[in-house]
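This is what each chain is made of:
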Amino acid sequence: MPADTTAINKLMDRFNDHSSVWLFGYGSLIFKVGFPFVERRPAYIMNWSRRFWQGSYDHRGTLDAPGRVVTLIPQAGAACEGIAYLITPDILEQIDFREKNGYLRLCTEIAFEDGTVAEGLVYIATEENTAFLGPATELDIARQIAASVGPSGPNKDYLTGLAEALRELGKEDQHVFEIERHLMSMQDKVELVI
Ligand code: BEZ
């Protein structure tokens, strides 16, 4: 059973007395916001790569058939592109609840396209969490995503939502786009058979 990280995240109170805090989004936070924010800006964080290596038992899959969602994996020199949201710290409780399936708040430096940087937060699911699935080929990840559905909807909608949002931002992510290509070719084959 995946561990609930809400209690641990509550202890990370670094920004509680700030009037606002920057939150870096690299997954569902890019295409499914669902919380109020003061401002949002394209941004990136260094030395992390986005990977579909986290199991989703509560949103895009089930306990018996977990889906796959993104987390960040340390990689020296890599830049992970996403969107930073300026929020009031009370919003963090909502996000802790929504992402309680293994994600922990981490302090990070967030870089903006105008060259400025700010200290903020990012949620990361590390390999220590029980829902972590780890690496697989992009083809196998696409197969698992194609077969998974959870309370928040089909896992493939998460993948295509993320890929489209990255394209709209004008950002490349070979891992995400390769999984999307595999998924599309699987769908094309199904249509040919029908
Ligand atoms: C994000 O989109 O940045 C995000 C992904 C997983 C958990 C929390 C946030």
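Bear in mind the structure is a predicted one, so any value in this text is a computation, not a measurement.

A. Looking closely at the overall build of the chain. Secondary structure summary: the chain contains six helices and seven strands in total. When its helices and strands are written in sequence order, the chain yields α-β-α-β-β-α-β-β-α-β-β-α-α. Its C-alpha atoms give the chain a radius of gyration of 17 Å, near enough to 16 Å, the size a compact globule of 194 residues would have. Looking at the chain as a whole, 48% of its 194 residues are labelled buried. Within the chain, residue pairs in contact and separated by at least 24 positions form 75% of the contacts whose partners lie at least 6 positions apart. When the accessible surface of the chain is split by element, carbon and sulfur atoms take 55% of a total near 9,700 Å². Side chains of the chain carry 18 positive and 28 negative charges; the gap between the two charge centres is 3 Å.

B. Structural context of the packing of aromatic side chains. Applying the stated criterion to the full structure yields six aromatic pairs. Ring geometry for Phe31 versus Tyr158: centroids 5.4 Å apart, planes at 85°, classification edge-to-face. Note that Phe31 is positioned in helix 2 (residues 28-31) and Tyr158 in helix 5 (residues 155-169), a separation of 127 residues in sequence. For Phe31, a relative accessible area of 26% puts it in the partly exposed group. Relative accessible area serves as the criterion here: at 6%, Tyr158 is assigned to the buried category. An aromatic cluster is present here, built from Phe31, Phe52 and Tyr158 joined pairwise through their rings. Between the NZ or CZ atom of Lys100 and the centre of the ring of Phe97, over which it lies, the distance is 4.4 Å.

C. Quick look at the side chain of Thr5. Counting through the fold element by element, Thr5 comes out in the segment before helix 1 (6-11). Within the structure, Thr5 has its side chain in polar contact with the backbone oxygen of Lys100 (distance 2.9 Å). When sequence neighbours within four positions are dropped, the list of residues in contact with Thr5 reads Glu99, Lys100, Asn101, Gly102, Tyr103 and Leu104.

D. Representation of the site of the ligand. In the vicinity of the ligand, the residues found are Phe24, Gly25, Tyr26, Gly27, Ser28, Leu29, Glu99, Tyr103 and Tyr123. In this structure, Gly27 approaches the ligand through a main-chain N or O atom, which is 2.7 Å from an oxygen atom. For the ligand, whose accessible area on its own is 260 Å², the fraction buried by protein is 99%. Using a 2 Å cut-off from the grid points, one finds that the ligand occupies the largest pocket.

E. Layout of the nonpolar core. In terms of nonpolar packing, the biggest core is built from 51 residues, with Phe35, Phe52 and Ile87 touching the most fellow members. In terms of residue count, strand 3 (residues 67-87) provides more of this core than any other element does, 10 residues in total.

F. Spotlight on unusual backbone geometry. Positive phi outside glycine occurs at Asn47, with the angle close to 75°. Positionally, Asn47 belongs in strand 2 (residues 39-56). Overall, Asn47 belongs to the partly exposed group, its relative accessible area being 38%.

G. Layout of the pairing of strand 2. Both strand 2 and strand 3 contribute to a ladder of 15 bridges, which runs antiparallel. Residue pairing in the sheet places Ile45 in a bridge with Cys80 of strand 3. Pairing geometry for strand 2 and strand 4 (residues 104-112), over two bridges, is antiparallel. Looking across to strand 4, one finds that Tyr44 is bridged to Ala111.

Definitions and cut-offs
Residues numbered from 1 in each chain as written. Predicted model: local features only at pLDDT ≥ 70, side-chain atom pairs only at ≥ 80, totals over all residues. Heavy atoms only, no water. Helix = DSSP H or I, 4+ residues; strand = E, 2+ residues; numbered from the N terminus. Rg over C-alpha atoms; globule rule 2.2 N^0.38 Å. Buried < 20%, exposed > 50% of the residue type's maximum accessible area, 1.4 Å probe, protein only. Contact = heavy atoms within 4.5 Å. Areas by Shrake-Rupley, 256 points an atom, 1.4 Å probe, with all protein chains shown as cover. Lys, Arg positive; Asp, Glu negative; His and termini not counted. Charge placed at Lys NZ, Arg CZ, Asp CG, Glu CD. Phe/Tyr/Trp six-rings, centres within 6.5 Å; stacked < 30°, edge-to-face > 60°. Lys NZ or Arg CZ within 6 Å of the ring centre and 35° of its normal. Polar contact = N/O pair within 3.5 Å; in protein donor to acceptor, adjacent residues only side chain to side chain. Near = heavy atom within 4 Å. 1 Å grid on protein atoms, 1.4 Å probe; cavity = no way out; pocket = protein on both sides within 12 Å on 5 of 7 lines; lining within 4 Å. Sits in = over half its atoms within 2 Å of the grid points. Core = buried A, V, L, I, M, F, W, Y, C linked by side-chain atoms within 4.5 Å. Pairing = 2+ DSSP bridges.

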